[in-house]
Amino acid sequence: RVFCVFDSLQYGNFVDNLRLYVRGGSGGMGLPRLGGQGGKGGDVWVVATKNMTLKRIKDKFPQKRFVADAGANSGVRALKGERGADKEILAPVGITVTTDESRTLGDLNVEGDRVMVAKGGSGGSLYSAFQPSKGEAKHIRLDLKLIADMGLVGFPNAGKSSLLTALSNATPQIASYAFTTLKPEIGKLIYDDYKQISVADLPGLIEGAHMNKGMGHKFLKHVERTKQLLFVVDVCGFQLASKTPFRSAFEAVQLLTKELELYKEELLSKPALLVVNKMDLPDAEDKLAELKEQLQNPEEFSDLLPEDMIPQNYLTFRHVVPVSAITGFGISHLKSCVRQSLDEDAALEVKATHREKLQALRKQSQGRA
């Protein structure tokens with residue numbers, strides 16, 4: 001078994017769900033002696049916006065509280081109080097908005113989609129003895145719609161499709177998603193205990209994808225919607241076309257890392273595994289040994305890469321797994337590594353949710369005291 005050191009500090013920066021507190025604005029007071037009506041409180045909306053991430057929301061609003069403005073009181077000068085301003089939470093496209101009880105409030109599939117999450121209170125009027133009502137208050141969750149547990153990341157010819165077929169013992173199913181024009185192929189890994197793990201084979205990445213060459217941006221958008229990354233490289237390296245330079249397996253790993261980094265650096269905080277494919281080729285063992293040595297000390301070998309292709313941070317892979325999709329060598333070991341990596345993360349997530357709920361309960365009981 002080949003394990004690379006798993007550095008827990010490196011992971012966990014990627015945010016694919018957020019819990020927020022939202023409250024609509026209170027209504028304004030009515031004016032009984034003149035029959036004046038208070039203004040309605042503002043509403044809270046979640047709005048799909050370009051170039052936004054859940055991590056940005058978390059960093060920018062650490063309190064995770066969003067409250068709309070209160071409506072103005074009725075007065076002698078303005079019998080009808082002014083409406084309170086709405087509060088907009090700018091969120092990424094591809095989000096499902098739910099309540100704490102998992103009731104779906106709406107989906108943000110395209111830029112500009114809006115979901116109202118908390119209604120403002122009514123202003124005081126004749127019908128309410130001129131007393132205003134409070135705005136709705138609740139916790140909501142923003143969840144990035146994941147298309148698969150694992151996303152295959154690799155250049156063309158790394159053997160991703162044949163790997164997916166070998167892993168899932170099936171012709172990959174084509175799945176279509178509302179928020180994208182591209183159709184990734186989704187394969188299902190089925191284990192002896194009937195556990196299922198989905199793996200997305202995303203269309204081939206080419207150098208310069210972050211600049212939108214080929215299907216670059218669409219590909220990278222899909223990478224955001226997988227829990228973990230499965231890098232796939234050809235042990236003997238590859239050459240995309242006669243005019244492009246030959247790249248070794250080590251160079252391919254660093255190029256893939258650089259492409260993800262240039263598109264959105266936080267993608268590299270997802271846990272990643274490395275699959276070294278085509279181990280049936282001649283000299284594969286020697287090439288694998290060379291790659292492992294280079295991955296142990298990538299700084300020492302960075303001179304192999306052009307300056308603008310060196311990533312700012314080298315990826316640490318949880319597992320490095322040699323396989324041959326053609327002969328089936330290493331496939332069952334890879335399946336168990338994938339499972340182990342996802343199970344580790346699921347356990348951490350459960351712990352974090354428990355901790356968050358405990359803190360909320362403590363705050364509540366302190367408030368009462």
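Just so you know, these numbers come straight off a predicted model, no measurement behind them.

Quick notes on the rules
Residues numbered from 1 in each chain as written. Predicted model: local features only at pLDDT ≥ 70, side-chain atom pairs only at ≥ 80, totals over all residues. Heavy atoms only, no water. Pairing = 2+ DSSP bridges. Helix = DSSP H or I, 4+ residues; strand = E, 2+ residues; numbered from the N terminus. Axes fitted to C-alpha atoms, helices over the stretch in contact; angles between N-to-C directions. pLDDT = per-residue confidence, 0-100. Contact = heavy atoms within 4.5 Å. Polar contact = N/O pair within 3.5 Å; in protein donor to acceptor, adjacent residues only side chain to side chain.

Draft legend 1. Structural detail: the sheet that holds strand 3 (residues 65-67). Spatial ordering of the open sheet is given by 3-1-8-5-6, a layout of 5 strands whose pairing is mixed. Edge positions in the sheet fall to strand 3 and strand 6 (104-108), since each has one partner strand and no second. Each strand of the sheet is rotated relative to its neighbour by a mean of 25 degrees, with strand direction disregarded. Pairing of strand 1 (residues 17-23) with strand 3 involves 3 bridges; the strand directions are parallel. Counterpart to Y21 in the pairing with strand 3 is R65.

Draft legend 2. Region of the structure containing the confidence of the model for the chain. Looking at the chain, pLDDT values average 84 and 86% of them are 70 or higher. Throughout residues 1-12 the model reports pLDDT below 50, and contacts reaching past four residues in sequence, or to other chains, amount to 28 contacts.

Draft legend 3. How the structure looks around the side chain of T96. As for its position among the elements, T96 is in strand 5 (residues 95-99). A distance of 3.1 Å separates the side chain of T96 from the side chain of D107, its partner in a polar contact. Those residues in contact with T96, other than ones at most four positions away along the chain, are T104, G106, D107, R141, L142, D143 and K145.

Draft legend 4. Geometry of the side chain of K258. Assignment of secondary structure puts K258 in helix 4 (residues 249-263). A polar side-chain atom of K258 sits 3.0 Å from a polar atom in the side chain of E261. When neighbours within four sequence positions are excluded, K258 is seen to be in contact with D308, M309, I310 and P311.

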